[in-house]
Amino acid sequence: MTQLIIHKKVDDFLKYNEQYLFDDYISHYTFIKTLENRHSSGIKINNAFNVIDDDGSFVVAVLCDRTNFNLYASKWNDSVISEISKFARFDTAPPNIHLTGTKDLILDLAKANN
């Protein structure tokens, strides 16, 4: 069953995702530094959440400054894509939206929103 986990505090998000992010530190380096330096850089975190599923799907997602959507995952399924689509609808996204993260996940999300 697909589950959405919304984190009210970025520190809670970081703690929940620490193992996933730091297991592949090089791939997530810029994302980690963005979150760690958010106060000094003035970045506003609008949403920080995970989408998980019983099959091992695990997605890390953060929307910053309403124009930078970070999506990272090692596994996902159609149900997970559907859940993410509730937050990432391309038809209502600002024209300057910037998607970063796991390329194939972003492409699958784009296909689902087409």
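Student: In this structure, what is going on with the overall build of the chain? I would like to understand it.
Tutor: When its secondary structure is counted, the chain shows 5 helices and 5 strands. Ordered by position from the N terminus, the helices and strands of the chain form the series β-α-α-α-β-β-β-α-β-α. Against the compact-globule benchmark of 13 Å for 114 residues, the chain has a radius of gyration of 13 Å, which places it among compact chains. For the chain, the spread of C-alpha atoms along the principal axes amounts to about 35 × 35 × 25 Å. In the chain, which comprises 114 residues, the share counted as buried stands at 41%.

Student: Looking at this model, I keep getting lost on the nonpolar core. Mind explaining?
Tutor: For soluble globular proteins, the rule of thumb is that nonpolar side chains tend to be buried together. Membership of the largest hydrophobic core comes to 17 residues, with the highest contact counts inside it found for Phe-13, Phe-31, Leu-35, Ile-45, Val-60 and Val-62. Those elements giving two or more residues to this core turn out to be helix 1 (10-23), helix 2 (25-36), strand 2 (45-52) and strand 3 (58-64). With 5 residues, the single largest contributor to this core is helix 1. Every residue in contact with Val-60, bar those within four places of it in the chain, is listed here: Phe-13, Asn-17, Tyr-20, Phe-31, Phe-49, Asn-50, Asn-70, Leu-71 and Tyr-72. Listed in part, the 15 residues of the second largest apolar core include Ile-81, Ile-84, Leu-105 and Leu-109.

Student: Explain the confidence of the model for the chain to me, please; I cannot follow it from the model alone.
Tutor: Interpretation of this model should avoid reading the predicted coordinates in detail wherever pLDDT is low. Across the chain, the average pLDDT comes to 90, with 99% of residues at 70 or higher. Element-level pLDDT for the chain is lowest in helix 3 (residues 38-41), with a mean of 86, against a maximum mean of 96 in strand 1 (residues 3-6).

Student: Hey, could you run me through helix 1 in this one?
Tutor: Since one α-helical turn is 3.6 residues long, residues separated by three or four positions face the same way. In a regular helix each residue adds 1.5 Å, so 14 residues correspond to 20 Å; helix 1 covers 19 Å between its end C-alpha atoms and thus fits that length. Looking only at helix 1, the buried set comprises Val-10, Phe-13, Leu-14, Asn-17, Tyr-20 and Leu-21. On its buried face, helix 1 is in contact with helix 2, helix 3, strand 2, strand 3 and strand 4 (68-75).

What counts, and at which threshold
Residues numbered from 1 in each chain as written. Predicted model: local features only at pLDDT ≥ 70, side-chain atom pairs only at ≥ 80, totals over all residues. Heavy atoms only, no water. Helix = DSSP H or I, 4+ residues; strand = E, 2+ residues; numbered from the N terminus. Rg over C-alpha atoms; globule rule 2.2 N^0.38 Å. Buried < 20%, exposed > 50% of the residue type's maximum accessible area, 1.4 Å probe, protein only. Core = buried A, V, L, I, M, F, W, Y, C linked by side-chain atoms within 4.5 Å. Contact = heavy atoms within 4.5 Å. pLDDT = per-residue confidence, 0-100. Expected span 1.5 Å × (residues − 1).

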